[in-house]
Amino acid sequence: MDSPLIFIENVTKIYRNGQVEQAALRDVTLCLSKGDFVSVMGPSGCGKSTLLNLVGGLDKPTRGRILFDGRNMASMSDDELTMLRRDRIGLVFQFFNLLPHLTALENTALPLYMLGVSTREANRRAREILDYVGLSRWESHVPSRLSGGQQQRVAIARGLVREPEVLLADEPTGNLDSHNTSEVMSLFERLSSDIRLTIILVTHQADVAAGADKIIHMNDGSIPESSTPCPSNDA
């Protein structure tokens, strides 16, 4: 078996407030390979968002380790973690976080502008992504002229424009109606199958979770049963 792209091994995360300790994650082990599409379900406060923050390099585990492509993220410097998030991880949130004065094209291309990519090249790549998500006709529209579902697809396009290997989606359909939810989930399914993007989707909606290839149930910071078999990894 190939080594997993993401290997979460016996991870515990404890937050401390004075003398009070709160375990957000408890001994979690999870393996994800390239192209895996998993949804993470559970009640509020069960550790779903903490798990995403750890995989995204925004926080570090109290115990255990997280390997990204074989490398322990805890051993990475702040600059290396920043580059990892910039180059290999895309983020999508419940709230679209689009800049209201920029068009769909400009919002999509923004991460490339910030990297110093020429406007012409950045716009070319943004147009390709907008076409893929079905929004080429709306590239000149500002967010206020787009529906909620269209805005979320622009946000997804922005998360894809740097061609990441992993997409972390935190309640991406939480503000959408059933029709737009279906469109966004169909897009995630295509991304997983077409370009083998690894997707971790956090949701509290059972119908949304069902669109993933595998559902992971979390409770009180733990995953009660083994979610995916993990190969031996001595990295």
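Note that the coordinates shown come from a computational prediction; the quantities given were computed from them, not determined experimentally.

## Details of the packing of aromatic side chains
Applying the stated criterion to the full structure yields one aromatic pair. Here Phe-37 and Phe-188 contribute two aromatic rings whose centre-to-centre distance is 6.2 Å and whose plane-to-plane angle is 70 degrees, an arrangement assigned as edge-to-face. With a gap of 151 residues between them, Phe-37 in strand β3 (residues 37–41) and Phe-188 in helix α6 (residues 178–194) connect regions that are remote in the sequence. The cationic tip of Arg-190 hangs over the ring face of Tyr-132; the distance from NZ or CZ to the ring centre is 4.5 Å.

## A closer look at the layout of surface pockets
By volume, the largest pocket amounts to about 390 Å³. Lining the largest pocket are 15 residues, with Arg-85, Arg-86, Leu-91, Pro-111 and Arg-162 sitting closest to its centre. Among the secondary structure elements, those contributing two or more residues to the lining of the largest pocket are α2 (78–88), β6 (89–93), α3 (104–114) and α5 (148–160). Counting residues per element, the lining of the largest pocket draws most heavily on β6, which supplies four residues.

## Quick look at the sheet that holds β6
Reading across the sheet, the five strands line up as β6-β7-β8-β3-β9 and stay open at both edges, with parallel pairing between neighbours. Strands with a single pairing partner mark the edges of an open sheet, and in this sheet they are β6 and β9 (214–217). Along the sheet, successive strands turn relative to each other by an average axial angle of 20 degrees, direction set aside. Bridge count for strand β7 (residues 166–170) against strand β8 (residues 198–202) is five bridges, and the pairing is parallel. Note on β8: the bridge partner recorded for Val-166 is Thr-198. Strands β6 and β7 of the sheet are contacted by α2, whose axis makes an angle of about 75 degrees with β6. Docked against the sheet, α6 engages β3, β7 and β8, running at close to 150 degrees with respect to β8.

## Observations concerning the side chain of Thr-173
Looking at the secondary structure, you find Thr-173 in the loop between β7 and α6. Here Thr-173 falls in the buried class, since its relative accessible area comes to 1%. A polar contact of 2.9 Å, which involves the side chain of Thr-173, links it to the side chain of Gln-205. Excluding anything up to four places from it in sequence, Thr-173 contacts Thr-181, Val-184, Met-185, Gln-205 and Val-208.

## Brief notes about the packing of α5 against α6
The geometry of α5 relative to α6 is characterised by a closest axis approach of 9 Å and an angle of 20 degrees between their N-to-C directions. By the angle class used here, α5 and α6 are roughly parallel. Helix-helix and strand crossings are classified by hand; for α5 and α6 the assignment is right-handed. Note on element contacts: α6 touches α5 through Asn-180, Glu-183, Val-184, Leu-187, Phe-188 and Leu-191, opposite Gly-149, Gln-152, Arg-153, Ile-156 and Leu-160. Split by residue class, the contact of α5 with α6 holds six nonpolar, three polar and two charged.

## Topic: the sheet that holds strand β5 (residues 71–72)
Spatial strand order, β2-β1-β4-β5: four strands in an open sheet with antiparallel pairing. A strand with exactly one partner marks an edge of an open sheet, and here the two such strands are β2 (20–32) and β5. Note that strand β4 (residues 63–68) and β5 share two bridges and pair antiparallel. Each residue of the ladder has a partner; that of Phe-68, found in β5, is Arg-71. Along the sheet face, helix α1 (residues 48–55) touches β1 (6–17), β2 and β4 and points at about 115 degrees away from the line of β1.

Here is what the cut-offs are and how they apply
- Residues numbered from 1 in each chain as written.
- Predicted model: local features only at pLDDT ≥ 70, side-chain atom pairs only at ≥ 80, totals over all residues.
- Heavy atoms only, no water.
- Phe/Tyr/Trp six-rings, centres within 6.5 Å; stacked < 30°, edge-to-face > 60°.
- Helix = DSSP H or I, 4+ residues; strand = E, 2+ residues; numbered from the N terminus.
- Lys NZ or Arg CZ within 6 Å of the ring centre and 35° of its normal.
- 1 Å grid on protein atoms, 1.4 Å probe; cavity = no way out; pocket = protein on both sides within 12 Å on 5 of 7 lines; lining within 4 Å.
- Points joined across faces, edges and corners; volume = space filled by probe spheres on them.
- Pairing = 2+ DSSP bridges.
- Axes fitted to C-alpha atoms, helices over the stretch in contact; angles between N-to-C directions.
- Contact = heavy atoms within 4.5 Å.
- Buried < 20%, exposed > 50% of the residue type's maximum accessible area, 1.4 Å probe, protein only.
- Polar contact = N/O pair within 3.5 Å; in protein donor to acceptor, adjacent residues only side chain to side chain.
- Parallel < 35°, antiparallel > 145°, perpendicular 65-115°, else oblique.
- Left-handed = near helix turned anticlockwise from the far one by under 90°.
- Nonpolar A, V, L, I, M, F, W, Y, C, P; charged D, E, K, R; others polar.

Read these as layout, nothing more, since geometry by itself doesn't imply function.
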